[in-house]
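As a plain string of letters, each chain reads:
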Amino acid sequence: MGKGKRYCYLPRPNTIKVHKSQKHFNYLLLTLLLFGVSELHAQLGFCTGNSGDAIFTETFGTGVTDGPPLGAGVTSYTFTSGTPTDGDYTISSTTNYFDWHDTEDHTENDLNGKAFIVNASFTADEFFRRTVTGLCENTSYEFSSWLISLQTSQGCGGNGIPVNVKFEIWDSSNTTLLASGNTGNIPNTSSPTWRPYGLVFKTAPEQTSVILKMKNNSDGGCGNDLAIDDIVFRSCGDFIGVSDPELATGRGICDDEVPFNTTLTANPDFTIYTTHAYQWQVSTDFVNWTDIVGETNQTYDTPAIFNDTFYRVLVAEDAVNLTNPRCNSASEIFRINVVSRPLAPISNGDGASCANDNGTISVSVPEGITVNWYDSAVGGLLLGEGSTVFQPPGTGTYYAEAVSSLGGCGSALRTAVAFEALPIPVLTDEVLAFCQNTTTTLSAGLEAASYAWSTGETTRDITVDRPDTYSVTVTDARGCSNSKSIRLEEIPIPVIKDIRSEGYSIEILTETDGSYEYSIDGIDYSASPIFEGVAGGRYDIRVREDNDCGEAVTSFVHFVVPTFFTPNGDGRNDIFEAEGIAFFPNSEIAIYDRTGKLLKHVVDGPISWNGTFNNSPLPESDYWYMIRVADTVYKGHFSLKR
């Protein structure tokens, strides 16, 4: 963030409300959230707006001695300084009776604080009554109190009578009920748990006092044992926020940007009041408040402000009640804090890391200060914010600016921190091949400090003899590492599986697939395993691998049986002969007509037939042959054409 004009827009936290009434309300609200709003608000309710200071408080005192008894008319129960039985009560700093929870009272910071401890009578009835005076007429109030069930979850065999209390607010004549509500059954718990309850009511015209009553809704017996503490009455008003023209609820101003002034507006939510009278107040210590003379409007224009200053507004439905703390309520507080610009951060040193390690640089700042990172000493791009640690995108100098959490005030200077992204070894994955039944050498490819292969070896080059995917991590002298993989494939040595001879063609079949070349004379090679127009005879069959990974060699006799011949004396195809048969020492050839009559028979020798039988020419027709070579018999037919 640069050094231009800036403000901190403060949220509206309840914690900035320091007068006791608002703190009490906030604590009640928090407890409601913790214990379940639906349970506590079913018939009861708390002031949802701003409250005034407590005008009546009953904490039942402090001390290690029980008592004193409550005054006449406050309760119909019998006071005891010992263990309270059904229909008894005591005022004590301990609840260590029977198998009850042994707990302290609820009042904060009380030493040996006491509570009103009740063992309910056998008949549901009223057990507490208190008259509260000094109220204002036509004014809303909140009654609140804290209760605890003293029975443990295992008390009375787990079947104890639950605590259930009804609160009532009556007018001073005890004839008009102003508000009432029931706690419902307060559950017994394994550990002591205080819970808040409350009522909101409004006084009638000319009414300045009310009667509080508490009644048991459950009968006595085993269970229905409770303690009560911190009974409070306070005025209840709207929730009244205070904001400026930009709807901020507070400001943080940098010390070099004063004087500062603004216009504040009170914003009641009209949940309690129908009309509003205002009195603006100012404080410089957040504790003592002073009326601002003449400022009784909904808005207020502040003077020039040079130091921390706090504003709030007292609100009542009638102007006559503004000066009576029993009748008004105080708004949320609008804080204006003048914030000193922080000093520049302290560098923790320049940084360097390998480019693939996501290295960081950092600075130090006091508590309450955060850091923004830039690419320039002045202005520039904001690269990161809200952290003393920064991960640079690459080699360069980066600038850290200290920023106050309140007001967002940036330091006048930025701290330069250099960073070097060290290069990592440049490696490229490889796919290699080697010949079957051999070894090959794999290399990391770089001269470096150390090597770590997936085989466990630590040299630059390794020798392997099987196909696999190997990996190596290379670390240079500065400790930067990179890895690569080598997929090693095996090239099979060619193996001839079969040689097929059909007519004037030869086809060579292999047991393995590969990049092979084929030859039938050992001189000329072809990428095709099929050779056409091959005369019968003995051939030197060869298959070799393109990468010199071996050659397969075998001898093969190819004989050709023609599919027709034309004994017409034109010098072409005039005789029928089986080419290559002469290379077989054990052979036999027989020719038949379609009736199976033997026309020609030759053993262990070549055949040359001119299409005659007993020197007489045979007619055009199909004729059959049988050729036996060693243990193999070939049968087929051919055509005689004239």
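These figures come from a predicted structure and were not determined experimentally.

Points about the overall build of the protein
Alright, step 1. Broken down by element type, the protein carries two helices and 48 strands.
Alright, step 2. For the protein, the C-alpha radius of gyration of 53 Å lies well beyond 26 Å, the compact-globule estimate for 642 residues.
Alright, step 3. For the protein, the spread of C-alpha atoms along the three principal axes comes to 160 × 70 × 50 Å.
Alright, step 4. Across the protein, every contact between residues at least 6 apart in sequence was considered, and the portion connecting residues at least 24 apart equals 66%.
Alright, step 5. With the model as given, the accessible surface of the protein reaches about 30500 Å², and the carbon-plus-sulfur share is 49%.

Observations regarding the state of the cysteines
Alright, step 1. Inspection of the entire model under this criterion finds six disulfides.
Alright, step 2. Across the disulfide from Cys156 sits Cys222; the S-S distance is 1.9 Å. Negative torsions about the S-S bond denote left-handed disulfides, and the value of about -100° found for Cys156 with Cys222 makes this one left-handed. Taken together, the residues span a long stretch of sequence, with Cys156 in the loop between strand 7 (140-149) and strand 8 (165-171) and Cys222 in the loop between strand 11 (210-216) and strand 12 (225-236) at a distance of 66 residues.

Topic: the pattern of salt bridges
Alright, step 1. Under the counting rule described, the total for this entry stands at 22 salt bridges.
Alright, step 2. Residue Arg341 is joined to Glu257 by a salt bridge in which the shortest nitrogen-to-oxygen separation is 3.4 Å. Taken together, the positions of Arg341 in the loop between strand 21 (334-339) and strand 22 (346-347) and Glu257 in the loop between strand 14 (250-254) and strand 15 (263-268) put the pair 84 residues apart, joining distant regions of the chain. A single burial state applies to Arg341 and to Glu257, both of which are buried.
Alright, step 3. Asp468 is the salt-bridge partner of Arg466, the closest N and O atoms lying 2.8 Å from each other.
Alright, step 4. The class of Asp468 is partly exposed, set by a relative accessible area of 32%.
Alright, step 5. One network of salt bridges, in which partners are shared, links Lys166, Glu168 and Lys215.

Some words on the sheet that holds strand 24 (residues 361-364)
Alright, step 1. Pairing is antiparallel across the open sheet formed by three strands, whose spatial order is 22-24-27. Pairing within the sheet leaves two strands with one partner each, and these edge strands are strand 22 and strand 27 (389-390).
Alright, step 2. Note: strand 22 against strand 24, two bridges, orientation antiparallel. Paired with Ser347 across the strands is Val363, a residue of strand 24.

Description of the sheet that holds strand 28 (residues 396-404)
Alright, step 1. Pairing is mixed across the open sheet formed by five strands, whose spatial order is 23-29-28-25-26. Looking along the sheet, the strands with just one partner apiece sit at the ends: strand 23 (351-354) and strand 26 (382-385). Taking each pair of neighbouring strands and ignoring which way they run, the sheet shows an average axis angle of 30°.

Regarding the environment of Ala355
Alright, step 1. Relative to the helices and strands, Ala355 resides in the loop between strand 23 and strand 24.
Alright, step 2. The spatial distance from the C-alpha of Ala355 to the C-alpha of Ala421 is 4.8 Å, given a sequence separation of 66 residues.

What to know about the side chain of Gln279
Alright, step 1. You can see Gln279 is positioned in strand 16 (residues 277-283).
Alright, step 2. Overall, the relative accessible area of 14% leaves Gln279 in the buried class.
Alright, step 3. Here Ile292 takes part through its backbone oxygen, which lies 3.0 Å from a polar atom of the side chain of Gln279.
Alright, step 4. Setting aside residues no more than four positions away along its own chain, Gln279 makes contact with Asp291, Ile292, Glu295, Thr296, Arg312, Val313, Leu314 and Leu322.

What to know about unusual backbone geometry
Alright, step 1. With omega at 5°, the peptide bond leading from Gly67 into Pro68 counts as cis.
Alright, step 2. Topologically, Pro68 is positioned in the loop between strand 2 (51-58) and strand 3 (78-79).
Alright, step 3. The omega torsion across Val258 and Pro259 is 5°, close enough to zero to call that bond cis.
Alright, step 4. Inspection of the secondary structure puts Pro259 in the loop between strand 14 and strand 15.

Structural notes on the environment of Pro196
Alright, step 1. Within the secondary structure layout, Pro196 lies in strand 10 (residues 195-202).
Alright, step 2. Along the sequence, Pro196 and Ser145 sit 51 residues apart, while their C-alpha atoms lie 5.7 Å from each other.

With respect to the packing of aromatic side chains
Alright, step 1. For the coordinates displayed, the defined rule picks out 29 aromatic pairs.
Alright, step 2. With centroids separated by 4.8 Å and ring planes inclined at 65°, the aromatic side chains of Phe286 and Phe310 adopt a geometry described as edge-to-face. Residue Phe286 is located in the loop between strand 16 and strand 17 (290-291), and its partner Phe310 is located in strand 19 (residues 309-316); the two are separated by 24 residues in the primary sequence.
Alright, step 3. Using a relative accessible area of 7% as the deciding quantity, one classes Phe310 as buried.
Alright, step 4. On the basis of an interplanar angle of 80° and a centroid distance of 5.0 Å, the ring pair of Phe559 and Tyr634 is categorised as edge-to-face. Here the residue Phe559 occupies a position in the loop between strand 41 (551-558) and strand 42 (564-565), and Tyr634 occupies one in strand 48 (residues 632-640), the gap between them amounting to 75 residues.
Alright, step 5. Classification of Phe559 as buried rests on a relative accessible area of 12%.
Alright, step 6. For Tyr634, a relative accessible area of 36% gives the class partly exposed.

Quick notes on the nonpolar core
Alright, step 1. Among the nonpolar cores identified, the biggest contains 37 residues, and Phe116, Phe127, Phe128, Phe143, Met214, Ile231 and Phe233 are the most heavily contacted of them.
Alright, step 2. The element best represented in this core is strand 12, accounting for four residues.
Alright, step 3. Residues within four places of Met214 in sequence aside, it is in contact with Glu126, Phe127, Phe128, Phe143, Ser145, Val165, Lys166, Phe167, Ile228 and Ile231.

Considerations on the confidence of the model for the protein
Alright, step 1. Per-residue confidence for the protein averages 89 on the pLDDT scale, and 93% of its residues sit at or above 70.
Alright, step 2. Note that residues 1-43 has pLDDT below 50 and, in this model, 126 contacts with residues that lie over four places away or in other chains.

A look at the pairing of strand 12
A regular strand places its side chains on the two faces of the sheet in alternate fashion.
Alright, step 1. Here strand 12 lies mainly inside the structure; 12 of its 12 residues are buried.
Alright, step 2. Strand direction decides the pairing type here: strand 5 (residues 115-119) and strand 12, joined by four bridges, are antiparallel. Each bridged residue has a counterpart across the sheet, and for Ile117 the counterpart in strand 12 is Ala227.
Alright, step 3. Taken together, the eight bridges between strand 7 and strand 12 define a ladder with antiparallel strand orientation. The residue of strand 12 that forms the bridge with Ser144 is Val232.

Focus: the side chain of Thr80
Alright, step 1. Note on placement: Thr80 falls in the loop between strand 3 and strand 4 (88-92).
Alright, step 2. Within the structure, the side chain of Thr80 is placed 3.0 Å from the backbone nitrogen of Gly82, a separation counted as a polar contact.
Alright, step 3. Residue contacts for Thr80: discarding those within four places in its chain leaves Asp88, Tyr89 and Thr90.

Structural notes on the pairing of strand 16
Alright, step 1. The buried count for strand 16 comes to six of seven residues, which makes it a mostly enclosed element.
Alright, step 2. Relative to strand 17, strand 16 is paired through two bridges, and the arrangement is antiparallel. Counted as the bridge partner of Val282 is Thr290 from strand 17.

The rules behind each value
Residues numbered from 1 in each chain as written. Predicted model: local features only at pLDDT ≥ 70, side-chain atom pairs only at ≥ 80, totals over all residues. Heavy atoms only, no water. Helix = DSSP H or I, 4+ residues; strand = E, 2+ residues; numbered from the N terminus. Rg over C-alpha atoms; globule rule 2.2 N^0.38 Å. Contact = heavy atoms within 4.5 Å. Areas by Shrake-Rupley, 256 points an atom, 1.4 Å probe, with all protein chains shown as cover. Disulfide = S-S within 2.5 Å. Salt bridge = Lys/Arg side-chain N within 4 Å of Asp/Glu carboxyl O. Buried < 20%, exposed > 50% of the residue type's maximum accessible area, 1.4 Å probe, protein only. Pairing = 2+ DSSP bridges. Axes fitted to C-alpha atoms, helices over the stretch in contact; angles between N-to-C directions. Polar contact = N/O pair within 3.5 Å; in protein donor to acceptor, adjacent residues only side chain to side chain. Phe/Tyr/Trp six-rings, centres within 6.5 Å; stacked < 30°, edge-to-face > 60°. Core = buried A, V, L, I, M, F, W, Y, C linked by side-chain atoms within 4.5 Å. pLDDT = per-residue confidence, 0-100.

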